[in-house]
4 protein chains.
Amino acid sequence: MIAGDVYKMESHSVSNIVQRGGTILKSARSKEFMTPEGRKKAYDNLQSLGIEGLIAIGGNGTFTGAMIFGNEYGIPTVGAPGTIDNDLYGTDYTIGFDTAVNTALDAIDRIRDTASSHDRIFFIEVMGRDSGYIAIQSGIAGGAELVMVPEVLTPISQVVDTLKQGWSRSKSSSIIIVAEGDEEGSAQEVADKIKLQVDENADIRVTTLGHTQRGGTPSAYDRILASRLGLGALEGLIAGQKNVMAGIINNELVYTPFEDTIRLPKPINEDLLRMVKILSV
Amino acid sequence: MIAGDVYKMESHSVSNIVQRGGTILKSARSKEFMTPEGRKKAYDNLQSLGIEGLIAIGGNGTFTGAMIFGNEYGIPTVGAPGTIDNDLYGTDYTIGFDTAVNTALDAIDRIRDTASSHDRIFFIEVMGRDSGYIAIQSGIAGGAELVMVPEVLTPISQVVDTLKQGWSRSKSSSIIIVAEGDEEGSAQEVADKIKLQVDENADIRVTTLGHTQRGGTPSAYDRILASRLGLGALEGLIAGQKNVMAGIINNELVYTPFEDTIRLPKPINEDLLRMVKILSV
Amino acid sequence: MIAGDVYKMESHSVSNIVQRGGTILKSARSKEFMTPEGRKKAYDNLQSLGIEGLIAIGGNGTFTGAMIFGNEYGIPTVGAPGTIDNDLYGTDYTIGFDTAVNTALDAIDRIRDTASSHDRIFFIEVMGRDSGYIAIQSGIAGGAELVMVPEVLTPISQVVDTLKQGWSRSKSSSIIIVAEGDEEGSAQEVADKIKLQVDENADIRVTTLGHTQRGGTPSAYDRILASRLGLGALEGLIAGQKNVMAGIINNELVYTPFEDTIRLPKPINEDLLRMVKILSV
Amino acid sequence: MIAGDVYKMESHSVSNIVQRGGTILKSARSKEFMTPEGRKKAYDNLQSLGIEGLIAIGGNGTFTGAMIFGNEYGIPTVGAPGTIDNDLYGTDYTIGFDTAVNTALDAIDRIRDTASSHDRIFFIEVMGRDSGYIAIQSGIAGGAELVMVPEVLTPISQVVDTLKQGWSRSKSSSIIIVAEGDEEGSAQEVADKIKLQVDENADIRVTTLGHTQRGGTPSAYDRILASRLGLGALEGLIAGQKNVMAGIINNELVYTPFEDTIRLPKPINEDLLRMVKILSV
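So, how was this worked out
Sequence order as written defines residue numbering, which begins from 1 separately in each chain. Chain A is the first chain written and ligand 1 is the first ligand written, with later ones labelled in order. Where local features are concerned, this predicted model is filtered to residues with pLDDT of at least 70; where side-chain atom pairs are given and counted, the filter is 80 or more; whole-chain, interface and lining totals use all residues. In computing side-chain properties, one takes all heavy atoms of the structure into account and sets aside hydrogens as well as water. Should any heavy atoms of two residues lie within 4.5 Å, those residues are counted as being in contact. Two parts placed together each lose some accessible area under a 1.4 Å probe, and adding up what both lose gives the buried area. Distance and chemistry together define a polar contact, namely a pair of N or O atoms within 3.5 Å, with one atom able to donate a hydrogen and the other to accept it when in protein, and with adjacent residues in sequence counting only for side-chain atoms on both sides. Secondary structure elements follow DSSP: runs of H or I of four or more residues count as helices, runs of E of two or more count as strands, with numbering from the N terminus. Each residue gets one label: Ala, Val, Leu, Ile, Met, Phe, Trp, Tyr, Cys and Pro are nonpolar, Asp, Glu, Lys and Arg are charged, and the others, such as Gly, are polar. By this definition, two strands are paired if DSSP reports at least two bridges between them. Note on geometry: axes are lines fitted to C-alpha atoms, helical ones only across the stretch in contact, with angles between N-to-C directions running from 0 to 180 degrees. The span you would expect from a helix comes to 1.5 Å times its residue count less one. In this scheme, a residue with accessible area under 20% of its type's maximum is buried, one over 50% is exposed, and one in between is partly exposed, where area comes from a 1.4 Å probe on protein chains only. Directions are taken from the helix axis to each C-beta atom, and the arc is the one they span. Counted as salt bridges are all cases of a side-chain nitrogen of Lys or Arg within 4 Å of a carboxyl oxygen of Asp or Glu. Only residues whose relative accessible area exceeds 30% and that take part in no salt bridge are eligible for patches, with like-charged residues grouped when within 9 Å of each other and nonpolar side chains (Val, Leu, Ile, Met, Phe, Trp, Tyr) grouped when within 5 Å. Areas reported here follow the Shrake-Rupley algorithm with a probe of radius 1.4 Å; residue values treat only the protein chains shown as occluding. By the counting scheme adopted, Arg and Lys are positive, Glu and Asp are negative, and His together with the chain ends is not counted. The atom standing in for a charge is NZ when the residue is Lys, CZ when it is Arg, CG when it is Asp and CD when it is Glu.

## Considerations on the interface of chain D and chain A
Taken together, the contacts link 29 residues of chain D with 29 residues of chain A. Both faces combined, the contact of chain D with chain A buries some 2300 Å², and carbon together with sulfur accounts for 54% of it. The largest contributions to the chain D side of the interface with chain A come from Arg110(D), His211(D) and Thr212(D), which together make up 27% of the buried area. Put simply, chain D and chain A have 11 residue pairs in polar contact (both at pLDDT 80 or more) between them. Listing elements by their share of the side of chain D that touches chain A, those giving two or more residues are α3 (97-115), β3 (120-126) and β6 (204-208) of chain D. Among the residues making up the side of chain D that touches chain A, the classes are represented as 6 nonpolar, 16 polar and 7 charged.

## A word on the sheet that holds strand β7 (residues 244-249) of chain C
Residues and elements named next belong to chain C. Across the sheet, 4 strands lie side by side as β1-β2-β7-β8; this open sheet has mixed pairing. On the outer flanks of this sheet lie β1 (54-58) and β8 (252-257), each paired with one strand and no other. When the angles between neighbouring strand axes are averaged without regard to direction, this sheet yields 35°. As defined by bridge partners, β7 adjoins β8 across 6 bridges and the pair is classed as antiparallel. What sits directly across from Ile248, in β8, is Leu253. Along the sheet face, helix α2 (residues 60-73) touches β1, β2 (77-81) and β7 and points at about 155° away from the line of β1.

## Regarding helix α5 (residues 156-168) of chain B
A turn of α-helix holds 3.6 residues, and therefore any two residues three or four places apart point the same way. Residues and elements named next belong to chain B. Between its first and last C-alpha atoms α5 spans 18 Å; for 13 residues at 1.5 Å apiece the expected length is 18 Å, and the two agree. Of all the residues in α5, the buried ones are Ile156, Val159, Val160, Leu163 and Gly166. Mapping the buried residues of α5 onto a view down its axis gives an arc of 125°, with all of them on the same face. Packed against the buried residues of α5 are β3 (120-126), β4 (146-148), β5 (173-179) and α6 (187-195).

## Some thoughts on the interface of chain B and chain A
Listed by partner, the interface residues are 37 residues for chain B and 37 residues for chain A. The three residues of chain B that bury the most area against chain A are Asn16(B), Ile224(B) and Met275(B), which together make up 16% of that side's buried surface. Counting across the chain B and chain A interface gives 4 salt bridges. For Arg274(B), the salt bridge goes to Glu235(A), with nearest N and O atoms at 3.2 Å. Summed over the shared surface of chain B and chain A, the result is 14 residue pairs in polar contact (both at pLDDT 80 or more). Secondary structure elements with two or more residues in the side of chain B that touches chain A: α3 (97-115), α4 (133-142), α7 (220-238) and α9 (270-279) of chain B. Looking at the side of chain B that touches chain A, its residues break down into 15 nonpolar, 12 polar and 10 charged.

## Some points on a positive patch on the surface
A contiguous patch of positive charge, built from Arg20(B), Lys26(B), Arg20(D) and Lys26(D), is present on the exposed surface. The exposure class of Arg20(D) is partly exposed, given its relative accessible area of 31%.

## Points about helix α9 (residues 270-279) of chain D
Of all the positions in α9(D), only Leu272(D), Leu273(D), Met275(D) and Val276(D) are classed as buried. Down the axis of α9(D), the smallest arc covering the buried residues is 160°, so these residues share one side. Turned more than 90 degrees off the buried face of α9(D), the exposed positions are Glu270(D) and Lys277(D). Of the surrounding elements, those touching the buried residues of α9(D) are α7 (220-238) of chain C together with α4 (133-142) and β4 (146-148) of chain D. Where α9(D) begins, the capping side chain belongs to Asn269(D), and its oxygen is found 3.0 Å from the backbone nitrogen of Asp271(D).

Here it is, written out as C-alpha cells:
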C-alpha cells in the first residue's frame, strides 16, 4: 500500500496455489506503516486507486495497525486470523494452526520410532511465544509424557518427578514438549537444567523445530477454515463491517472488534490440559 | 466376546500405537453376533469374566448391534463414533474423517500438479456410500471444479456445462470429485458418460482411491478427537450412561441415544456446499 | 519453439520451484512438431533467436522428435530422461521414477493398515504401460503378495494359486500390484476375473492410482538425479555432444545415442523379480 | 545373546512391519558385550541354542564387536550396513540414509516456504558426526545456499561472503545446512558467530532436526536396499562368508571384510560437492 505495488487479482490469479505454504503476496511486517507518514502514503495510494476496503490477514500486530489506520482514515477493514500460534481471542482456531500442529506431530512420531529402540529423554521445542496451543495439541496427539507451556508453571522439579515416575514403571523413554515461551527457557535450556538433576548417564536429546512449523502444504482443515474466514471477511466488508476480525466459534461465523482481539487473552483449553495429564500416565 | 478372546490392557498396552492406522484390536463385523445364539455366547463370556460395561467403536452397524445386545441383556454400552464417512448424527465429526479427507486431498494435490502441465479432465472417486462429506471437504480444500455427492442430484448435463464454462474461461484442466455413492455411478461410470458428451479428443482420467482413505497415520485432529471421545465414552459409562453415543457438537461433549444416531440422517453442511460453488468459479 | 514463446531464464527464474511437482515450462506433446511444417517454424524461430542447442526432457516420444529435428536441421540436442515409468534404455533410473514409486508405496502402506484389520484381497493398479518397474519396486517395498507386470506372463490361475496358498497359511489379507499394461488387463479387470474363481464371499477391492503418481513434491533421490542429469546434459552440449541422452549407469554419467534409447528395450531387473517371490512367501 | 532372550521368527513374525520406523528387535548398544565375560555368556547361549551364524545390523561399532566375537569364538558373522549417516566404506548407501535425507529435505522445503515471504538467514542442523552425506544430499535437493560438512573446512568468513553475495543479487533469504560434526560447531554456534559479523538487524533462525532423522516410515529406496542387503547377508552366510559386510556398489552385491569397513574412510562424493557450489549460485 505504501509503495503502491498493487495488482488486480482474478480467479486465475490463485489457480494452483491452494496446496502451497507461505504467501504469494510476499507481504510482511512494515516499519514504515508504524509511522504517520507511512500510513499517509498508504491512504493516498488507496485513494488514487479507488480502493474502498481492506482485508487484513495476520495476528495482533496486523490488527493493531489496521485499527489505527481505520481510525485515522476511515477505511473499513475486516481481519482474518492468520497465525500458527492460535493465540487470538475471537476464534476457536486460526489459519495455519492445524498445519503447524501436524508438522510438530510428525516430528514427535519420528522421534517416538527411535524412542522405542533406545532409552532416552527427548525434548522437542515447538512454537508458541505466549501460547501453549501447539504444544498441548501436538503433545496429546503424540502421546508426550509432559507438556511445558507459558500459561502454566511447570517447575524443573516437576519435570524430574515425571521422568522418575516413568522410569519406575519401566518406560523406556520419555518425550517432553516445550513451548518456546515457557518460563523455564528453551528446550535446550530445560534439557541442560534436567541433566544436572538426573542420572549422569541419561541420554538427553533436543530437537528444535523452528520455522518448519510455518511452512508446508496446508492441511485440509486449514484450507477449509481459510476459505470460510476469507469469504466471511469479504461478505462482512460488503455488509458494512469494519474494524472487526472474522472468526469461527462453535462452527458459527462471528465478528469480534479488533479492540477485543488485541486486548483480551485467549484462555487455554483446560479440558485438553487435563487430558495431557490423564493420557501421559 | 463370542470367542472369549479377551485380554487385560494396561497403559503400556497402547504404547507406541498412537501413530498407526488400522486397529490393534483386529475386531471386525461379526455375523454370529447378529444371531441370538451368538449374543448369548457373548453375554455368557462377559458374565464369567466379570465385565460390566462396553465401549463400542464404529458406525450404525456397530451401534445397532450394541443396542440390541443392551436391550436383551442389560449390559450398559457407550459408543464412540469411528467411521471415516462422517455420516453419524450426534457428532460434528467422526474419528478417521479428518485423516481420510487429508488423504483424498493429497491425491487431489498430486493430480493438480499434472493438471497444470496438460489439458485434461480428472475424475477422482472418494469414499462415501451415503454421504458426501469427504467429497465436499476434500473438494473445497483441493479447489475442485465440481463435487458430486449422494445428497444432491448433479445430472451429467450439469457436469458437462461446468466443464464447458471452464474451457470458455480457458481453464487448462478440471478436477471433479465423485463420492462413491453418487446417483450417477462410480467415477469410471461418470467418466464414461461424459466422454460421449464432450469433444472426442478430451483426455479423461480416473483415479479411484478406495481403501487408501481408511489407513495411514492419523492426523492430529483425529487423535485429539479420539482421545476426547474415548475419555467421554469411559466417563459416560462410569457415570451410568447406557445405549448412547459420545459425540462432540460445537466443542461440547454430548451423549445421543443409539436410537437417534441410527434413525436420524446427518444433514449435509449447506455452507460448505455453497462454498464449493463460489470457489470453483 | 513453434510459437516463438521463449523467455530467458536466470538463476532467480528457478528460485523456490525445487519442491514442486509438475512443470513450470508447461510444455507438452505437440502434434504440429510431428509435421515438417511445424519443425520448419521451430527452426526459423531458433535461428532468429540465436539459439544453438537444445536440451530435451522426456521419454522416447520426445527423443524421437528431437532426433528427427536434429537430422533435418543440424541443431544439436542432448536429452534428459524424464518419465516416471523408468522404461528408458541408457540410464539406471529416470527422473520422476523414485517419487512415483514412493507415491505408490504410500498407497500400499495405507491399504496395508486396513488389511491387518479385515480379510480382503486388494488390487492396486500402478502406472507402467510397457514397463513393470513401478509395480516391482513398490511391490517389494510394500510387501505385496504378487506383482503383475507386462514383461512377465502371470496367468489368472497363478494369481488364484498364490491367494489360496496365502489363505492356507492363514494370511489375513492379500495385496496384488497390477501394472496398467499387464496382459490380463486393468486392476479392475483382473479383480473381476478373480472374483469368478475364488469363494464368492471374498471381499475384493480395487484402487487405481492414476495420475497421482505423476505429481507431488519430488523425492530427494529424484532431485539429485535431475540435478546431475541436467548438468550432464548441459555440459555434454557444451562439449559438442548431439543426438544423445544423458544417463547415469552405475553412478557414472554416460551418453547414449537417441537411436539406442528409442530402439533398445530396457530389461527388467531379474534380481528384483526374484526378490518379489522370496519376500512374498 | 547375553541374556538368552531369543525367539524363532517365521514369515508372519514380520507381517505388517515393513512400513514402520525403528526396530522391532529393540536391540541396542551393549556395554556387557564389550567385556570378555559378556561375550562368553553370548557364546554359551548361542551354543546351547544351536545357533551357527549371525547377521549383525549396524555401523562400525556393531561390526567391531562382531569381528572380535568372531575371532574369539569362530561364529561366522555377516554384517548389513544400517546407519543413517552413510559413512561406511564398502557400500554406496547404508540402510536409513535415503529416509533421513528425505526427512531433512522435508524440513528444508517447509522453511523455504517461509523464506519466500520474509528476509532471513536459516541454519538447519542435520545429522553427521563425521560425515557430510546427509548435509550434502539434502542441501542439493533443497537448494541450500551453503553446506557445512566435517570433511571440508568452511570458515565463518566464507559463510559471511556467501551471504553477502546472495544479498548483492537481492536474494530474499538464505538457507545454510550444518552437519552436526562441522568444525565450526553446531548450527546454533555457527549462527551465533555469524550474528556478530553481519548486519545486526539480520533475522537469524536455527532449526535442529535431531532424532527426527532416525525415525519415520522408511522410503521405497531404503526398503529395497534393506531387502537386497538382508538377502545378501543371509545368502553370504549360507555360502560360507564370515567377518564381512554385505554392501551394494554400482548396483552389485559385494562383501567387504569388517576390517576394511572399520578402518577405511568413505570418501565424500566430490561430484556432489561440486554441484552444491554450481546450484547455489
